[in-house]
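Chains, contacts and geometry: an overview
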Amino acid sequence: MATKPAAEKERRVFINDKGQGTFICPVCEKGVIRDLSQFSDIESAVRLKCKCSCGNVYRVLVERRRHFRKPVNLVGMFFYRGAKKAPLKGLIKVLDISQSGLRFSVNTVPEFEVGSRLTLEFTLDDEEHSQVREDCIVRRIRSNMIGVEFDDLDHYGKLGRYLFR
C-alpha cells in the first residue's frame, strides 16, 4: 500500500513595494514573479493554489506584512496615559514581534483605543533576559488582542539582535 507524503509546510509569498510576489516551486525551485497588487488591501488571509511549469501543484499564503513576525511568549506591562484619567498600567502577554511592531493580549477589554499611545515594557527570552521599553501607537484592537506599531523602527540594540538572531 502506498503512503501519502507528509503534508508540506505552507509557503509564504511576500508582496513587495511594487505589488509583486516571487513564487518558488518547492520541487524544482524555479521562481516566477507575479502581480499580487489585487490582494494588498484584503484584511483576511489569502491562500493561493499554484501550478509550476514542472507540473507541481503547491499552496502559498500571500503575506502583506512589511517585516517578518517572530512568534514569542513574553510577559510585560503596558502604560497608558489617557487624556482625562489617571495613568493606567496592566499586564500583557506578547504573542509575536517584528521590526515594526508587536501583538499582545491583555486580561480584559482595554480602556484605550486605536490611535492611543502606549509604552510597553517586556523581558526577552534571550540569555541575558534583556529588558525592552518601547513607545508605540495602537493600530488594531480585536477583543483583548492588541496590535501596535513602534515609534522607532530602527532597532540596533537588544531588540534588534533578538529579532535577527
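Relevant structure appears above.
For clarity, every value in this text was computed on a predicted model and none was experimentally measured.

All right, on to the pattern of salt bridges then. Per the stated rule, a full pass over the model turns up 4 salt bridges. One salt bridge in this structure joins D96 and R103, with 2.9 Å as the shortest N-O distance.

Attention now goes to the pairing of strand β4 (residues 46–51). Burial along β4 is one-sided: the face carrying V46, L48 and C50 is buried and the face carrying R47, K49 and K51 is not. As defined by bridge partners, β4 adjoins strand β5 (residues 57–63) across 6 bridges and the pair is classed as antiparallel. Paired with K51 across the bridge in β5 is V57.

Turning our attention to the packing of aromatic side chains. Scanning all chains against the criterion turns up 2 aromatic pairs. Judged by centre distance (5.3 Å) and plane angle (75°), the rings of F78 and F112 are edge-to-face. Placement of F78 in strand β6 (residues 70–80) and of F112 in the loop between β8 (101–105) and β9 (117–123) is noted, with a sequence separation of 34 residues between them. Grouping residues by exposure puts F78 and F112 together as buried. Here a set of aromatic residues connected by ring pairs shows up, and it is made of F78, Y80 and F112. The ring of F79 is capped by R133, whose NZ or CZ atom sits 6.0 Å from the centre of that ring.

A separate point is unusual backbone geometry. A positive phi is found at H129, a non-glycine position, where the angle reads about 50°. Relative to the helices and strands, H129 is located in the loop between β9 and β10 (131–142). Residue class for H129 comes out exposed when judged on its relative accessible area of 52%. Of note in this structure, S143 is not a glycine but carries a positive phi near 60°. If you trace the backbone, S143 turns up in the loop between β10 and β11 (145–150).

Cut-offs used in this document
- Residues numbered from 1 in each chain as written.
- Predicted model: local features only at pLDDT ≥ 70, side-chain atom pairs only at ≥ 80, totals over all residues.
- Heavy atoms only, no water.
- Salt bridge = Lys/Arg side-chain N within 4 Å of Asp/Glu carboxyl O.
- Buried < 20%, exposed > 50% of the residue type's maximum accessible area, 1.4 Å probe, protein only.
- Helix = DSSP H or I, 4+ residues; strand = E, 2+ residues; numbered from the N terminus.
- Pairing = 2+ DSSP bridges.
- Phe/Tyr/Trp six-rings, centres within 6.5 Å; stacked < 30°, edge-to-face > 60°.
- Lys NZ or Arg CZ within 6 Å of the ring centre and 35° of its normal.

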